[in-house]
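Structural overview for review
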Amino acid sequence: MRITALVKRIVLQLVRDKRTLALLLVAPLLILTLMHFLFTSNDVPSTIGVVGASSEMIERLESQDFEVSIVEKMTSSEEVVVKEELDGLFYFDGDKIELTLENEDPSQSGMLQAKLRQVLSPAVNDSTIEVTYVYGSEDTTFFDVLSPVLVGFFVFFFVFLISGIGLLRERTTGTLERLLATPIKRWEIVFGYLIGYGLFAVIQTIVVVVYAVNVLDMILLGSIWHVLLINGLIALVALSLGILLSSFAASEFQMIQFIPLVIIPQVFFTGIIPIGRMPDWLQGLSKIMPISYGANALKNVMYKGQELVDVQFELMVLSGFALVFILLNILALKKHRNQ
Amino acid sequence: MSILRVTDVSKRYGKHQILSDIQFSAEKGQIVGLIGPSGSGKTTLIKIIMGMDKPSTGKIEVLGERVPKLKLLQQTGYMAQSDALYQDLTGHENLTFFASMFLMTKIEQKERIAYVTELVQLESALKKKVATYSGGMKRRLSLAIALIQNPQLLILDEPTVGIDPELRQSIWKELARLKTEEQKTILVTTHVMDEAEKCDVLAMIREGHLITSGSPQELRTKYDVPNLEDVFLKAGGEAHADYSPR
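Residues numbered from 1 in each chain as written. Chains lettered and ligands numbered in written order. Predicted model: local features only at pLDDT ≥ 70, side-chain atom pairs only at ≥ 80, totals over all residues. Heavy atoms only, no water.

1. Some remarks on a nonpolar patch on the surface
On the surface, A:Trp187, A:Phe191, A:Ile195, A:Leu199, A:Phe200, A:Ile203 and A:Val207 cluster together to form a nonpolar patch covering roughly 760 Å² of accessible area. Tracing the backbone shows A:Val207 in helix α8 (residues 186-215). (Patch = residues over 30% accessible without salt bridge, like charges linked within 9 Å, V, L, I, M, F, W, Y side chains within 5 Å. Areas by Shrake-Rupley, 256 points an atom, 1.4 Å probe, with all protein chains shown as cover. Salt bridge = Lys/Arg side-chain N within 4 Å of Asp/Glu carboxyl O. Helix = DSSP H or I, 4+ residues; strand = E, 2+ residues; numbered from the N terminus.)

2. Quick look at the packing of helix α11 (residues 258-272) of chain A against helix α13 (residues 290-302) of chain A
All names here are of chain A. Following both chains from N to C, one finds α11 and α13 inclined at 30°, their axes separated by 8 Å at the closest point. Relative to α13, α11 is oriented roughly parallel. α11 and α13 meet at a crossing whose hand is right-handed. Of α13, the residues touching α11 (which contributes Gln266, Phe269 and Thr270) are Pro290, Ile291, Ser292 and Ala295. (Axes fitted to C-alpha atoms, helices over the stretch in contact; angles between N-to-C directions. Parallel < 35°, antiparallel > 145°, perpendicular 65-115°, else oblique. Left-handed = near helix turned anticlockwise from the far one by under 90°. Contact = heavy atoms within 4.5 Å.)

3. Considering the interface of chain A and chain B
Across the contact, 18 residues belong to chain A and 25 residues belong to chain B. Taken together, the connections running from chain A to chain B amount to two salt bridges. Put simply, B:Lys47 and A:Glu177 hold a salt bridge, and the shortest N to O gap is 3.1 Å. Linking chain A with chain B are four residue pairs in polar contact (both at pLDDT 80 or more), by the criterion used here. Counting only elements with at least two residues in the side of chain A that touches chain B, the list comes to α6 (142-172) and α7 (175-180) of chain A. (Polar contact = N/O pair within 3.5 Å; in protein donor to acceptor, adjacent residues only side chain to side chain.)

4. Things to note about the confidence of the model for chain B
Residue and element names in this part refer to chain B. Looking at chain B, the pLDDT average stands at 88 and 97% of residues meet or exceed 70. Mean pLDDT across the elements of chain B bottoms out in helix α9 (residues 228-243) (75) and peaks in strand β3 (residues 31-35) (94). In the predicted complex, the global pTM is 0.75; the interface-specific ipTM is 0.84. (pLDDT = per-residue confidence, 0-100.)

5. Details of the nonpolar core
Counting 112 residues, the largest nonpolar core has B:Leu95, B:Leu156 and B:Met204 as the members making the most contacts within it. When residues in this core are grouped by element, the largest group, 13 residues, is from helix α9 (residues 224-246) of chain A. When near neighbours in sequence (up to four residues on either side) are disregarded, B:Leu95 contacts B:Ile113, B:Val116, B:Thr117, B:Leu126, B:Leu141, B:Ala144, B:Ile145 and B:Ile148. A:Ala181, B:Leu4, B:Leu45 and B:Tyr78 belong to the second-largest nonpolar core, a separate cluster that totals 32 residues. (Core = buried A, V, L, I, M, F, W, Y, C linked by side-chain atoms within 4.5 Å. Buried < 20%, exposed > 50% of the residue type's maximum accessible area, 1.4 Å probe, protein only.)

6. Comments concerning the pairing of strand β2 (residues 67-70) of chain A
Residues and elements named next belong to chain A. Sheet topology note: the strand β1 (residues 47-51)/β2 ladder contains four bridges and is parallel. What sits directly across from valine 50, in β2, is isoleucine 70. Where the polypeptide runs from β1 across helix α3 (residues 55-63) and back to β2, its parallel neighbour, the crossover connection is right-handed. (Pairing = 2+ DSSP bridges. Right-handed = clockwise from strand over helix to strand, strands pointing away.)

7. Describing the sheet that holds strand β4 (residues 96-101) of chain A
Through backbone hydrogen bonds, the strands of a sheet pair up, either in parallel or in antiparallel fashion. Residue and element names in this part refer to chain A. With respect to topology, five strands assemble into an open sheet ordered β2-β1-β3-β4-β5, the strand pairing being mixed. One side of each edge strand has no neighbouring strand; the edge strands of this open sheet are β2 and β5 (129-133). With strand direction ignored, the average angle separating the axes of adjacent strands in the sheet is 20°. Pairing between β1 and strand β3 (residues 88-93): four bridges, direction parallel. The residue of β3 that forms the bridge with isoleucine 48 is glycine 88. Lying on the sheet, α3 is in contact with β1, β2 and β3; it crosses β2 at an angle near 150°.

8. Structural notes on the pattern of salt bridges
Residue and element names in this part refer to chain B. Across all of its chains, the model carries 16 salt bridges over all chains by this definition. Arginine 139 serves as the salt-bridge partner of aspartate 83, at 3.0 Å between the closest nitrogen and oxygen. Highlighted residues: aspartate 83 in the loop between β6 (76-79) and α3 (91-101) and arginine 139 in helix α5 (residues 135-147), separated in sequence by 56 residues. Relative accessible area serves as the criterion here: at 22%, aspartate 83 is assigned to the partly exposed category. Residue classification places arginine 139 among the buried residues on the basis of a relative accessible area of 3%. Measuring nitrogen to oxygen at the nearest pair gives 2.9 Å for the salt bridge that ties glutamate 174 to arginine 177. Of this pair, glutamate 174 and arginine 177 both sit in helix α6 (residues 165-182), three residues apart, which is roughly one turn of that helix. The class of glutamate 174 is buried, set by a relative accessible area of 13%. Connected via shared salt-bridge partners are Glu174, Arg177, Glu181, Glu182 and Lys184.

9. Here we look at unusual backbone geometry
All names here are of chain B. Cis geometry is found at the peptide bond from valine 67 to proline 68, where omega equals 0°. When you line up the elements, proline 68 lands in the loop between β5 (65-66) and α2 (70-73). Even without being glycine, asparagine 150 reaches a positive phi, approximately 55°. Inspection of the secondary structure assignment puts asparagine 150 in the loop between α5 and β7 (153-157). Unlike most non-glycine residues, aspartate 224 shows phi in positive territory, near 55°. Among the structural elements, aspartate 224 can be located in the loop between α8 (216-223) and α9.

10. Describing α3(A)
Residue and element names in this part refer to chain A. Along α3, the residues classified as buried are Met57, Ile58 and Leu61. Down the axis, α3 shows its buried residues gathered within 100° of arc, on one side only. Looking at α3, the residues exposed on the side facing more than 90 degrees away from the buried face are Ser55, Glu56, Glu59 and Ser63. Tucked inside the fold, the buried residues of α3 contact β1, β2, β3 and α5 (106-120). (Arc of directions from axis to C-beta.)

11. Points about α5(B)
The end-to-end C-alpha distance of α5(B), which contains 13 residues, comes to 19 Å, matching closely the 18 Å that a straight helix rising 1.5 Å per residue would cover. Here α5(B) lies mainly inside the structure; 12 of its 13 residues are buried. Residues of α5(B) that are buried: B:Gly136, B:Met137, B:Lys138, B:Arg139, B:Arg140, B:Leu141, B:Ser142, B:Leu143, B:Ala144, B:Ile145, B:Ala146 and B:Leu147. As for α5(B), its buried residues are in contact with α7 of chain A together with β6, α3, α4 (106-119), β7 and α6 of chain B. (Expected span 1.5 Å × (residues − 1).)

12. A closer look at the packing of α13(A) against helix α14 (residues 312-332) of chain A
When two helices pack together, their arrangement is captured by the angle between the axes and the distance separating the axes. All names here are of chain A. The contact between α13 and α14 brings their axes to 9 Å, and the two run at 150°. By the angle class used here, α13 and α14 are roughly antiparallel. At the point where α13 passes α14, the crossing takes the left-handed sense. Of the residues in α14, those touching α13 at Pro290, Tyr293, Gly294, Asn296 and Ala297 are Phe313, Glu314, Val317, Leu318 and Phe321. When its residues are assigned to classes, the contact of α13 with α14 shows seven nonpolar, two polar and one charged. (Nonpolar A, V, L, I, M, F, W, Y, C, P; charged D, E, K, R; others polar.)

The structure is reproduced here in structure tokens:
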């Protein structure tokens with residue numbers, strides 16, 4: 001029968017395509033495992049500074065597993081929080097209590113605030129606590145923090161996919177081979193691709209950033225030029241990674257298979273889930289994820305209003321990733337020609 | 001000096017012996033036919049000659065220099081078995097793109113494009129997207145691209161496969177003209193025996209072995225048969241006994 005023959009053929013094809021098979025079976029497990037670890041390590045931030053607290057109060061906080069450091073207040077609370085890398089700072093001034101939260105992650109701040117109120121509740125009246133925020137305000141939502149990250153992620157994802165499939169099509173239609181039968185050098189091909197698709201990546205970046213800031217009213221405390229520069233670097237990394245991985249794919253279908261393997265794990269490390277609260281080995285993993293640097297830089301510039309010098313480390317790492325991928329691309333073309 | 005010299009070229013992928021000790025050469029103004037059924041290793045040999053693949057042993061020389069060398073590609077026109085064209089570009093854009101790969105100036109480009117399109121009679125379709133071309137038009141455009149940089153050596157992998165007899169004849173007429181008027185050296189692969197008749201020298205390949213070579217007339221005399229198909233069968237049979245122990 002036609003149908004049985006068809007089914008048989010499909011089964012046979014799939015069994016022979018080991019990679020598709022592996023993707024079908026192993027990749028979901030991989031992602032599920034990753035998500036399991038990510039979402040179960042959800043500790044409440046616990047480094048608290050206190051100014052002028054009674055020893056009884058300090059004991060009470062410490063009994064609830066808070067790491068309490070006694071600070072002498074000299075400058076503003078905000079500065080102390082940033083300098084001492086605290087999650088929050090209590091300033092006790094007689095009956096008045098000021099709580100300054102770092103608020104790097106609004107959802108974590110909410111949890112911290114709730115827990116602190118609980119600790120203090122029998123002794124202190126809720127309404128006497130005055131809460132201020134270093135970053136954002138009480139109206140800050142998770143999305144405000146997330147949005148810079150999303151901008152970077154979408155730039156990364158689409159540039160990756162389009163450039164990858166672009167070079168792939170060139171290989172599957174035979175035009176790459178035809179191209180390599182001309183005296184063009186390998187690095188010329190790589191740079192041609194980088195520049196060609198780079199142009200579109202730049203346009204895409206501009207459109208995304210301008211739309212996010214002006215239409216979606218995304219928080220932008222830093223300079224839009226800095227945001228464009230960071231996104232440009234993210235795009236360059238995505239571009240070089242996309243064309244690099246495309247040389248390990250035999251068809252568009254196999255290129256798509258890189259998404260759950262390469263793109264989705266990166267989503268987890270963009271700061272959607274706070275990296276600082278992950279288990280150590282996951283934090284280590286975040287260090288090899290290019291997008292975690294891009295997301296961090298974007299967050300610092302857009303949400304915290306930092307300057308380029310403050311994110312120079314991230315920018316350097318991104319450039320490093322791009323450089324390595326570009327060199328690997330030139331090497332990968334060796335498969336087709338030696339010069 | 002031979003334009004192309006293939007010396008003892010062997011190629012193996014793992015356990016598969018694709019080519020064994022292939023040896024032949026092509027002189028200026030010659031059409032050399034690489035004859036053999038599909039799967040005999042012709043395309044692999046072409047790729048080795050183009051420098052896209054490395055021989056396991058043996059060497060290739062083009063214009064007296066050892067392949068691979070980028071500058072030799074300037075003198076080598078290549079037409080692959082499949083029409084490797086940019087479908088969403090026009091014929092003219094394809095030609096311009098490849099012309100730029102050879103670093104031709106604008107004026108040179110214009111002259112060569114005009115010349116090669118006239119040669120393959122594509123003038124009227126130059127502004128159309130390649131995706132709209134017929135199979136024959138795509139083959140002709142591929143040939144035009146292979147000629148764009150005015151190379152001394154032309155390597156054509158199955159140039160006439162899948163095209164109508166009329167066009168096939170016009171392509172062969174063109175090859176003959178390139179040979180006589182422009183003294184080009186042309187290496188062409190085919191598995192059609194009546195095309196073999198039009199070559200000056202034949203190299204017959206079967207299962208990666210060169211079973212015999214010579215001009216069509218020489219081969220017919222040598223094997224004492226009326227046509228080339230029989231030469232192939234007879235030579236193949238003899239060679240087969242040599243290289244495959246039973």
